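Topology and contacts: notes
Chain residues, written in single-letter form:
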Amino acid sequence: SQGAEITKLREQYVGKVSGLRTQLKDINDQYQKAANPDTKVQLENKAKKIQRDIEDIDLDAQKTLTKQSNDVIVSVYKEIKGVIEAIAKANDLDMV
């Protein structure tokens, strides 16, 4: 079903972000232990890149999932409208 597809897609996005958050935590741990300023700068740059990747994934997920959810809502609406029209026609009702 379409709902299951949306859930599966959402879980994929969550999995991607979860992996990146784990990397971010590891980098933060390394940063706390690092004494060398150059190493700290490298770790900061890695952390910033991962944070941007997370933000990009979040934006993509939001856009994709919103579109799919809206498509499902429109589809369900049309299906319900068709059923109501069929019932109205079967019962000789003009206005529904």
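So, here is what we can say about the structure in this document.

So, on to the overall build of the protein. Regarding its fold elements, the protein presents 2 helices and 0 strands. Counting only C-alpha atoms and orienting by the principal axes, one finds that the protein spans roughly 85 × 15 × 10 Å. Residues counted as buried form 16% of the 96 residues belonging to the protein. A separation threshold of at least 6 residues defines the contact pool for the protein, and within that pool the share at least 24 residues apart is 69%. Of the accessible surface of the protein, which amounts to about 7700 Å², a share of 55% is contributed by carbon and sulfur atoms. For the protein, the distance from the average site of its 16 positive side-chain charges to the average site of its 16 negative ones is 6 Å.

All right, on to helix H2 (residues 37–90) then. With 54 residues, H2 should reach 80 Å at 1.5 Å per residue; the first-to-last C-alpha distance of 79 Å fits that figure. On its buried face, H2 is in contact with helix H1 (2–33). Where H2 begins, one side-chain oxygen reaches toward the backbone nitrogen of aspartate 38, 2.7 Å away; that side chain belongs to asparagine 36. Backbone geometry just after H2 places aspartate 92 at a positive phi near 55°.

For the rest of this paragraph, the subject is the packing of aromatic side chains. If you walk through the whole model with that rule in mind, you get 0 aromatic pairs. The ring of tyrosine 31 has lysine 40 lying over it, and the distance from NZ or CZ to the ring centre is 4.7 Å.

Packing of H1 against H2 leaves a shortest axis separation of 10 Å and a crossing angle of 170°. Viewed along their axes, H1 and H2 adopt a mutual orientation that is roughly antiparallel. Along the lines of polarity and charge, the residues of the contact of H1 with H2 split into 16 nonpolar, 8 polar and 9 charged.

Parameters and conventions
- Each residue is numbered by its place in its chain's sequence as written, counting from 1.
- The model is predicted, so local features are restricted to residues of pLDDT at least 70 and side-chain atom pairs to those at 80 or more, both for listing and for counting; the totals for chains, interfaces and linings are taken over all residues.
- To get the side-chain values, all heavy atoms of the structure are used, and hydrogens and water are removed first.
- In this text, helices come from DSSP runs of H or I with a minimum length of four residues, and strands from runs of E with a minimum of two, each type numbered from the N-terminal end.
- Partly exposed residues are those whose accessible area sits between 20% and 50% of the maximum for their type, while under 20% is buried and over 50% is exposed, using a 1.4 Å probe and protein chains only.
- Pairs of residues are marked as contacts when any of their non-hydrogen atoms sit within 4.5 Å.
- Throughout, the Shrake-Rupley method with a 1.4 Å probe supplies accessible areas, and for residues the shown protein chains are the sole cover considered.
- When charges are counted, Lys and Arg contribute as positive and Asp and Glu as negative, whereas His and the chain ends are disregarded.
- One atom stands in for each charge, and that atom is NZ of Lys, CZ of Arg, CG of Asp or CD of Glu.
- Here the expected length of a helix is defined as 1.5 Å per residue gap, with one fewer gap than residues.
- Think of a polar contact as two N or O atoms within 3.5 Å of one another; within protein, one of them needs to be a possible hydrogen donor and the other a possible acceptor, and neighboring residues in sequence only count if both atoms come from side chains.
- Aromatic contacts are taken between Phe, Tyr and Trp rings whose centres are within 6.5 Å, Trp giving its six-membered ring; a plane angle under 30 degrees counts as stacked, one over 60 as edge-to-face, and the others as tilted.
- Counted as over-ring charges are cases with an Arg CZ or a Lys NZ within 6 Å of the ring centre that also lie within 35 degrees of the ring normal.
- Lines fitted to C-alpha atoms define the axes here, with helix axes fitted over just the stretch in contact, and angles between the N-to-C directions of these axes take values from 0 to 180 degrees.
- An angle counts as roughly parallel when it lies under 35 degrees, as roughly antiparallel when it exceeds 145, as roughly perpendicular when it falls between 65 and 115, and as oblique in every other case.
- Gly falls in the polar group here, along with every residue not listed as nonpolar (Ala, Val, Leu, Ile, Met, Phe, Trp, Tyr, Cys, Pro) or charged (Asp, Glu, Lys, Arg).

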